[in-house]
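Reading the structure
Spelled out, the chains give:
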Amino acid sequence: MAQVTLKGNPVQVGGELPVTGSQAPAFTLVGEGLADASLKDFAGSRKVLNIFPSIDTPTCATSVRTFNAKASALENTVVLCISADLPFAQARFCGSEGLDNVKTLSTLRGRDFHGSYGVDIADGPLAGLTARAVVVLDENDTVLHTELVAEIADEPNYEAALASLN
């Protein structure tokens, strides 16, 4: 079990991040219109998995905005913003912000994602949500980069994630 912090307080995180060079675990989550969306739906594209607790927090919202801005310059790359938020809330946020370079996915169904991607917050006030992490995959779903952000309230290292695609 990994440990991160939330405003300096220890938080246990279950599961293990996929290892760089390994095949990413398959998943099926919930996309637009409550439709199932799986990893294989994005086959052939490079993928940036921006994983976070809730789009309704300032840092999470900033990560979605930042990846949206940076994604427009990336070829053959999709940014998947993954949280426990309902697809309706995700769509409302992206619509009101004019964010159209990211895809949102909800862990409403497919909670096994939390453990298989090593982001399952096990205790503290955010228990049941996902920790903040970034996982970058190539076109064949090989893991190129991972980051479990040590402090949940901090932003991920955008530059390191995107550099792994070069």
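In this text, all values refer to a predicted model and were calculated from it rather than measured experimentally.

**What to know about the layout of surface pockets**
In this structure, the largest pocket encloses a volume near 300 Å³. Along the walls of the largest pocket sit 16 residues, with G31, E32, V102, K103 and T104 positioned nearest its centre. Put simply, the parts of the chain that give the lining of the largest pocket at least two residues each are β4 (36-38), α2 (87-97) and β7 (102-106). No other element matches α2, which puts five residues into the lining of the largest pocket. Along the lines of polarity and charge, the residues of the lining of the largest pocket split into eight nonpolar, five polar and three charged. Put simply, the second largest pocket is a space of about 160 Å³. Looking at the second largest pocket, it is lined by 13 residues, and the ones nearest its centre are L6, T57, L126, R132 and I152. Top contributing element to the lining of the second largest pocket by residue count: helix α1 (residues 58-71), with three residues.

**A short note on the packing of aromatic side chains**
All chains considered together, the criterion is met by four aromatic pairs. Here the aromatic rings of F27 and F113 are separated by 5.3 Å at their centres, their planes lie at 85°, and the arrangement is edge-to-face. Here F113 lies in helix α3 (residues 112-116) and F27 lies in the loop between β2 (9-14) and β3 (28-30), a separation of 86 residues in the sequence. Each member of the pair, F27 as well as F113, is classed as buried. Among the aromatic residues, those joined into a cluster by ring pairs are F27, F113 and Y117.

**A look at the pairing of strand β6 (residues 77-83)**
With seven of seven residues buried, β6 lies mostly within the body of the structure. Of the two faces of β6, the one lined by T77, V79, C81 and S83 and the one lined by V78, L80 and I82 are each fully buried. Crossover handedness for the path strand β5 (residues 46-51) to α1 to β6: right-handed. Summarising the sheet, β6 and β7 pair through five bridges and their orientation is parallel. Residue C81 lies in a different strand from β7, and its bridge partner there is T104. Remark: the β6/α2/β7 crossover connection has right-handed handedness.

**Overview of the pattern of salt bridges**
Side-chain pairs of opposite charge can arise where the charged atoms are in close proximity. Summed over all chains, the structure comprises three salt bridges. Between D36 and R109 there is a salt bridge, with its nearest N and O atoms 3.0 Å apart. Here D36 is found in strand β4, whereas its partner R109 is found in the loop between β7 and α3, with 73 residues between them in sequence. On the basis of relative accessibility, which here comes to 37%, the residue R109 falls in the partly exposed class.

**Concerning unusual backbone geometry**
Positive phi outside glycine occurs at L34, with the angle close to 65°. Its location among the elements puts L34 in the loop between β3 and β4. Look at L34 and you get partly exposed, because its relative accessible area is 34%.

**Comments concerning the pairing of β5**
Each regular strand displays side chains that alternate between the two surfaces of the sheet. β5 sits mainly inside the fold: six of its six residues count as buried. Here β5 shows a buried face lined by R46, V48 and N50 and a second buried face lined by K47, L49 and I51. In this structure, β5 lies alongside β6, joined through six bridges in parallel fashion. Of the residues in β6, the one forming a bridge with R46 is T77.

Analysis parameters
Residues numbered from 1 in each chain as written. Predicted model: local features only at pLDDT ≥ 70, side-chain atom pairs only at ≥ 80, totals over all residues. Heavy atoms only, no water. 1 Å grid on protein atoms, 1.4 Å probe; cavity = no way out; pocket = protein on both sides within 12 Å on 5 of 7 lines; lining within 4 Å. Points joined across faces, edges and corners; volume = space filled by probe spheres on them. Helix = DSSP H or I, 4+ residues; strand = E, 2+ residues; numbered from the N terminus. Nonpolar A, V, L, I, M, F, W, Y, C, P; charged D, E, K, R; others polar. Phe/Tyr/Trp six-rings, centres within 6.5 Å; stacked < 30°, edge-to-face > 60°. Buried < 20%, exposed > 50% of the residue type's maximum accessible area, 1.4 Å probe, protein only. Right-handed = clockwise from strand over helix to strand, strands pointing away. Pairing = 2+ DSSP bridges. Salt bridge = Lys/Arg side-chain N within 4 Å of Asp/Glu carboxyl O.

The analysis is restricted to geometry; functional conclusions fall outside its scope.
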